[in-house]
Amino acid sequence: MARTVIYERVALIGLGLIAGSMGLRMKRDGLAGEVVGTARSAKTRDMAVGLGLCDRVTDTAAEAVQDADLVVLCVPVGAMEDVAREIGPHLKPGATVSDVGSVKRAVAEAIGPHLPDGVDFIPAHPLAGTEHSGPESGFPELFDNRWCLLTPVTDSPDAVERLTRFWRAMGSNVETMDADHHDLVLAVTSHAPHLIAYTMVGVADDLRRVTDSEVIKYSAAGFRDFTRIAASDPVMWRDVFLNNKDATLEILGRFTEELFSLQRAIRKGDGEMLHEYFTRTRAIRRGVIEAGQDTDKPDFGRGTKP
Ligand SMILES: NC(=O)c1ccc[n+]([C@@H]2O[C@H](COP(=O)([O-])OP(=O)(O)OC[C@H]3O[C@@H](n4cnc5c(N)ncnc54)[C@H](O)[C@@H]3O)[C@@H](O)[C@H]2O)c1
Ligand SMILES: O=C(O)C(=O)C[C@]1(C(=O)O)C=C[C@@H](O)C=C1
């Protein structure tokens, strides 16, 4: 494969699943001249070098961003502001600053004020992940055939075009959108579903005593999927809900209304309503598959390394 360096030096701040996958992809395909990483613990930094996801590590974020052309903040949403405050004074003029946070409005507001004039700020969100954390969970194919959504703050089309090229080279399809729109869409497609999975697994756990642990032992496929999602990182998801409050509450309100109407149909024995509802939702699933968004295909390795 032809190797095209897109950024001469890339700095990854926070070396977890997403940074790990980005680093491995950049190293595999030669997308960066040099990948520099930093993490709070020496153990994680050593592991990152051992895994070959970056060329070198630094003890601090301030050191990592020295002379970097692209800086990507890969920490939980609630930690973005502290990192931005630390790196702001050390950024190279002309650098692009981005992130991979699951929420976009709050992250733009947390990072933006700490960036000096002359850097291009382009928040980003790769719609790809697993329930695992840490650099050892990363794999270079994670972003293949997934979306990466950009919510640019900069008005430099060149900077946006370059970051678009970068994410395409990571295997993703790229779309640009407004941060509020992103947060509403993701509240429907990712944030509310995660909360529902957490709740369902919590309910099963509450019932554990009554059912003598059989809910766990005889987990059917649907519940197993819930347990996978509910095993996701608690810090990451705490921060997502605290930072996408309005959109998530709006969607949960609608969800509750729908749930009540289905509950009523079950109580009244209204089979026609239930059949009609499930026919409509089945068509939506088929639409998702036709649009190429079916992540259950074996080669996507969703939830596990391939
Ligand atoms: N996991 C997913 O499915 C997924 C998908 C897309 C985007 N994201 C987003 O990507 C970001 C990183 O997620 P991840 O799954 O790679 O997480 P992770 O837990 O695997 O890695 C997070 C890294 O950030 C570091 N970190 C945590 N708190 C910090 C702090 N206060 N200061 C500095 N560093 C800190 C951790 O030590 C770790 O190195 C999050 O913002 C998350 O919302 C996650
Ligand atoms: O596959 C998973 O485990 C995920 O939940 C990944 C997932 C999602 O699809 O909701 C989770 C959060 C992100 O911000 C993006 C992707």
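Residues numbered from 1 in each chain as written. Chains lettered and ligands numbered in written order. Predicted model: local features only at pLDDT ≥ 70, side-chain atom pairs only at ≥ 80, totals over all residues.

## Observations concerning the site of ligand 2
- In the vicinity of ligand 2, 10 residues are found, and the nearest of them are Ser102, Gly129, Thr130, Glu131 and Ser190.
- Partitioning the shell around ligand 2 into residue classes produces three nonpolar, five polar and two charged. (Near = placed C-beta within 6 Å. Nonpolar A, V, L, I, M, F, W, Y, C, P; charged D, E, K, R; others polar.)

## What to know about the sheet that holds strand β8 (residues 147-150)
- Reading across from one edge, β7-β8-β9 is the order of the three strands in this open sheet, with mixed pairing throughout. The two strands at the open ends of the sheet, each matched to only one other strand, are β7 (124-126) and β9 (173-176). Neighbouring strand axes in the sheet, compared pairwise and without regard to direction, differ in orientation by 20° on average. (Pairing = 2+ DSSP bridges. Helix = DSSP H or I, 4+ residues; strand = E, 2+ residues; numbered from the N terminus. Axes fitted to C-alpha atoms, helices over the stretch in contact; angles between N-to-C directions.)

## Concerning the UniProt feature "transmembrane region" (unreviewed entry) in the protein
- The positions UniProt marks with the feature "transmembrane region" (unreviewed entry) are residues 6-24.
- Taken end to end, residues 6-24 is 42% helix and 37% strand, and its first and last C-alpha atoms sit 15 Å apart. (UniProt positions renumbered as here; feature names shortened; annotations may be inferred.)

## Examining the domain arrangement of the protein
- Annotation of the protein at the domain level lists domain 1 (7-177) and domain 2 (181-293).
- Inter-centroid distance (C-alpha atoms) of domain 1 to domain 2 is 30 Å.
- For the side of domain 1 that touches domain 2, the per-class residue count stands at six nonpolar, five polar and three charged. (Domains from an automatic or database assignment.)

## Here's the deal with the site of ligand 1
- Of all residues adjacent to ligand 1, which total 27 residues, the nearest are Gly14, Gly16, Ala79, Ser102 and Gly129.
- Listed by contribution, the elements that provide at least two residues to the shell around ligand 1 are α1 (17-29), α4 (80-87) and α10 (234-243).
- For the shell around ligand 1, a count of residues per class yields 15 nonpolar, nine polar and three charged.

## Topic: the nonpolar core
- In this structure, Val10, Leu12, Ile13, Val71 and Val72 are the most contacted members of the largest nonpolar core, which totals 63 residues.
- Ranked by residue count, the leading element in this core is α1, at six residues.
- Leaving out residues up to four positions away in the same chain, valine 71 has contacts with Ala11, Ile13, Val65, Ile87, Leu91, Ala95 and Val97.
- By size, the runner-up hydrophobic cluster in this structure holds six residues, among which are Leu186, Ala187, Ala192 and Ile251. (Core = buried A, V, L, I, M, F, W, Y, C linked by C-beta atoms within 7 Å. Buried ≥ 20, exposed ≤ 12 C-beta atoms within 10 Å, placed from the backbone. Contact = placed C-beta atoms within 7 Å.)

## Side note on α1
- Taking 1.5 Å per residue, 13 residues should reach 18 Å; α1 reaches 18 Å between its end C-alpha atoms and fits that length.
- For α1, a buried count of 10 out of 13 residues is recorded, marking the element as mostly surrounded by other parts of the structure.
- Contact partners of the buried residues in α1: β1 (7-13), β2 (32-38), α2 (42-51), β4 (70-73) and β7.
- Just downstream of α1, glycine 30 is the residue with a positive phi angle, here 60°. (Expected span 1.5 Å × (residues − 1).)

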